[in-house]
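# Observations on the three-dimensional arrangement
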Amino acid sequence: MSTEREVMTWELFGTASRQLAEQVVAGGFQPDVVVAIARGGLLPGGAVAYALGTKGVGTLNVEFYTDIGQTLADPRVLPPLMDTSELPGSKVLVVDDVADSGRTLALVMDLLAEHGTEARSAVLYTKPRTILQPDFSWKETDKWITFPWSAEPPVEGALARPND
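Numbers given for residues are sequential positions, taken from 1 along each chain in its written order. Only residues with pLDDT of 70 or above have their local features reported here, since the model is predicted, and side-chain atom pairs are shown and tallied only from 80 upward, although totals for entire chains, interfaces and linings are computed over all residues. Only heavy atoms go into the side-chain values, all of them from the structure, while hydrogens and water stay out.

- The name given to the protein in an unreviewed UniProt entry is Phosphoribosyltransferase, with the source organism recorded as Oerskovia merdavium.

### With respect to a nonpolar patch on the surface
- Patches were defined on residues exceeding 30% relative accessible area and lacking a salt bridge, with like-charge contacts within 9 Å and nonpolar side-chain contacts (Val, Leu, Ile, Met, Phe, Trp, Tyr) within 5 Å. Here the open area of atoms and residues is found with the Shrake-Rupley method and a 1.4 Å probe, where only the protein chains shown may cover a residue. Should a side-chain nitrogen of Lys or Arg be within 4 Å of a carboxyl oxygen of Asp or Glu, the pair is scored as a salt bridge. Residues W10, L42 and L43 make up a contiguous nonpolar surface patch of about 300 Å² in total accessible area.
- The topology assignment puts L42 in helix α2 (residues 42–52). Going along the chain from the N terminus, every DSSP run of H or I of four or more residues is numbered as a helix, and every run of E of two or more is numbered as a strand.

### Quick word on helix α1 (residues 10–26)
- To estimate the expected span of a helix, count its residues, drop one, and scale the result by 1.5 Å. Look at α1: 24 Å from first C-alpha to last across 17 residues, which is about the 24 Å you get at 1.5 Å a residue.
- Every buried residue of α1 is listed here: F13, A16, S17, L20, A21 and V24. Buried residues in α1, looked at end-on, bunch into an arc of 135°, giving them a common side. Of the exposed residues in α1, those oriented more than 90 degrees away from the buried face are E11, R18, V25 and A26.
- Residues are treated as being in contact if the distance between any of their heavy atoms lies within 4.5 Å. Structurally, α1 contributes buried residues whose contacts are with α2, β5 (91–99), β6 (118–126) and β7 (136–140).
- A positive backbone phi angle near 80° is found at G28, which sits one or two residues after α1. When a residue's accessible area, from a 1.4 Å probe over protein chains only, is under 20% of the maximum for its type it is buried; when over 50% it is exposed; and in between it is partly exposed. Read the arc as the range of directions from the helix axis to the C-beta atoms.

Now the structure itself:
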C-alpha cells in the first residue's frame, strides 16, 4: 500500500456524491431504498439518496477495519440491525465510502440477495484489489483515503466505545 494519501475535501465530497448519483441514473437503476454501510457510508449514502430523490434510507453497521491497514479476520454485522421485512422485491442501492478489499460490500450484497432484493452497489472509491467490483464508483485509487469526516481524531474527552 502506498504511503501517499488520497485526500477528499468536503467540497470534493459534494461533487463526487452528485457524480456518483448521476452514474446511477445513467445506468438506469432507480432505487426504492438506499442502504448506507455504517460508518463510512453514512454521509455518502445520505448525499446520494438526496441527489437521487430517494426517501427510503436504511443503514447496516458492519465492522471490518480496526486501523489503517488492519482488519478483523472477517467483516461482521453489528447491532442495531436494520429491519429488512419491507425489502423483498425492492430495488436497493448499497452505498459505502470505499471498496477496499471488497469483503464488507460482498457481505452486505449477499445479505440483501438473501432478502429478495435487486441490489446494486455504489462507492466513492474503488481499490484495485477489491474482490467485488461495485456497480458504480466515482474514482479508483490504490492510496489510503482521508475522508473529511474522519480526518481528525475523536474530540478530546470522547470515550472509546465497544466496537470502535
